[in-house]
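Tertiary structure, described
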Amino acid sequence: MHKRTTRILFSLVSLVLLVTGCSGTESPTATVTPTRTPPPAPTEIIVLPTATPTATPIPTEPPTAEPVMEVTPYPPGVNPLTGLEVADPDMLNHSPLAIKISNSAEVRPQAGLNSADLVFEHYAEGGITRFTAVFYGTYPERVGSVRSGRLIDLEIPAMYGATFSYSGSSAGVKERYRTSDLFPERIFSPDFGVGEPYFYRVPREGLAFEHTLFASPTDLRALAIERGVDQKPAFPKLMAFSEALPALKDVVDATKINIDYRAAVCRAQWDYDAALGKWRRTTAGAVHSDILTGEQVAVSNVVVVFANHLETDILEDTWGGGHMSIEIQVWGQGPVLIFRDGKMYQGYWQRAARDHMLTFIDGEGNFIPLKPGNTWFQMVLLETESDEPQPGEFYFIP
């Protein structure tokens, strides 16, 4: 194994052990449960010790530390989800839109991915992935194809004060939506009687009917206004952004990221384009583009989020013997790898309350700032393995 691979793997193991083993910190429950474990109440955050690249025994108690400082609020006209000024400052006076997008091979290229401020890619079931895209600073003409929601979509809209749009869900997931604090005003779906003009069909030759549904962002905003839920979020926690590279310890060069969700159909690859200053996406070996622009999907930040994945008792489908819905526990804290500007930073993600977005610190409690721009979150299992077959090329096998 390459020398640096061993160092990174040891660091990730240390991060996992710290998150799951240190007393005095909040962490995802490791008990299989069919219902959502509530996020912890807001508490003082304990700064974790720096993860070590050697096999040194992990301390059982975190050190005493001052609470992590808050990020300075952004000036008017700056999008708190990207750190960039928006062309129309009035956009920020509205609620963000979270929209579910298919990642089936048949639907690529999708519509609207390059316009999203944030995209979460996560396991659905059967090894395939799905996207939840968050739009705040700008709207594309349409978004889609729109598909069914998952349990993680109880969390993402809550993080960003967003409405949530999707089409279709299993009976168990639908009931969880119905009993959540998002329902009924902030959930927009044909499941609950929302049709045209908010959702409409765009047929394409050879494309199955279930892959032809799209959402209109401007009409979804109008529906939010009608329901009285279109409002600027308070954002009690903020991500940090910086054009300058962070002066942090746990950093290595990075040029390629490969997340092998399911190699044949959903393997996600990001290659750093130094001239553009962004990561370009390939999926299952093919360039991944946005059908609205014809351009390859490119982002300023790729964030690999290690989180507890639990199989629930909710049956999602019956093909191949059936698959159960996965609960991705994005509350508490866990390990994270942040890729920006051809570098990889190791640290922790944190979310101490339901209305907190994910924020990032290193092992000494310093904020890890993202590069201003759009961000793609790659959600992976806590036990995900990694390798570095060539310097700067990182492979993850969930």
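Summary of the structure given here. These numbers were taken from a predicted model, which means no experiment stands behind them.

So, on to the pattern of salt bridges. According to the stated counting rule, one finds 14 salt bridges in the structure shown. In this structure, the salt-bridge partner of Arg354 is Glu155, at a minimum N-O distance of 3.4 Å. With Arg354 in the loop between β18 (343–351) and β19 (359–361) and Glu155 in the loop between β4 (143–144) and α2 (156–160), this residue pair connects regions lying 199 residues apart in the sequence. Per residue, the accessibility class of Arg354 equals that of Glu155, and both read buried. A salt bridge links Arg354 to Asp181, with the shortest nitrogen-to-oxygen separation between them at 2.8 Å. Of this pair, Arg354 sits in the loop between β18 and β19 while Asp181 sits in the loop between α3 (171–178) and β6 (187–188), placing them 173 residues apart in sequence. A single salt-bridge network, built from bridges that share partners, covers Glu155, Asp181, Arg351 and Arg354.

Within the open sheet, the 3 strands sit side by side as β4-β8-β7. Their pairing is antiparallel. Here the strands that pair on one side only, and so sit at the sheet edges, are β4 and β7 (199–201). Across 2 bridges, the pairing between β4 and strand β8 (residues 213–215) is antiparallel. Pairing of Gly144 across the sheet is with Phe214, part of β8.

With that settled, the discussion passes to the packing of aromatic side chains. In total, this model carries 17 aromatic pairs according to the counting rule given. Aromatic side chains Phe164 and Tyr166 sit 5.2 Å apart centroid to centroid with 10° between the ring planes, which places their arrangement in the stacked category. For the pair Phe164 and Tyr166, one class covers both residues: buried. Positioned over the ring face of Phe214 is Arg142, at 5.1 Å from the centre of the ring.

Below, the discussion takes up helix α4 (residues 217–227). Since the α-helix turns once every 3.6 residues, residues separated by three or four places project in the same direction. For α4, the complete set of buried residues consists of Pro217, Leu220, Arg221, Leu223 and Ala224. Buried residues of α4, viewed axially, fall in a sector of 160°; they line one side. Facing away from the buried side of α4, by more than 90 degrees, are the exposed residues Thr218 and Glu226. Trailing α4 by a residue or two, Gly228 shows a phi angle of about 75°, which is positive.

We now examine the side chain of Thr282. The topology assignment puts Thr282 in strand β12 (residues 278–283). Under the relative-accessibility criterion, Thr282 is labelled buried at 12%. Excluding anything up to four places from it in sequence, Thr282 contacts Arg267, Ala268, Gln269, Asp271, Val287, His288 and Gln296.

Omega for the peptide link from Arg108 to Pro109 comes to 5°, which places this bond in the cis form. As for its position among the elements, Pro109 is in the loop between β1 (97–101) and β2 (118–123). Residue Gly144 is joined to Ser145 through a cis peptide bond whose omega torsion reads 10°. Turning to its location among the elements, Ser145 is positioned in the loop between β4 and α2. One non-glycine residue, Phe235, lies in positive phi territory at about 50°. Looking at where Phe235 falls in the secondary structure, it is placed in the loop between α4 and β9 (251–253). By relative accessible area, which is 10% here, Phe235 ends up buried.

Time to look at the environment of Gln329. Examined against the element boundaries, Gln329 turns out to sit in strand β16 (residues 323–329). You can call Gln329 buried: its relative accessible area is 0%. When the C-alpha positions of Gln329 and Glu155 are compared, they lie 8.8 Å apart, and in sequence the two are 174 residues distant. A polar contact of 3.1 Å, which involves the side chain of Gln329, links it to the side chain of Glu327.

Definitions and cut-offs
Residues numbered from 1 in each chain as written. Predicted model: local features only at pLDDT ≥ 70, side-chain atom pairs only at ≥ 80, totals over all residues. Heavy atoms only, no water. Salt bridge = Lys/Arg side-chain N within 4 Å of Asp/Glu carboxyl O. Helix = DSSP H or I, 4+ residues; strand = E, 2+ residues; numbered from the N terminus. Buried < 20%, exposed > 50% of the residue type's maximum accessible area, 1.4 Å probe, protein only. Pairing = 2+ DSSP bridges. Phe/Tyr/Trp six-rings, centres within 6.5 Å; stacked < 30°, edge-to-face > 60°. Lys NZ or Arg CZ within 6 Å of the ring centre and 35° of its normal. Arc of directions from axis to C-beta. Contact = heavy atoms within 4.5 Å. Polar contact = N/O pair within 3.5 Å; in protein donor to acceptor, adjacent residues only side chain to side chain.

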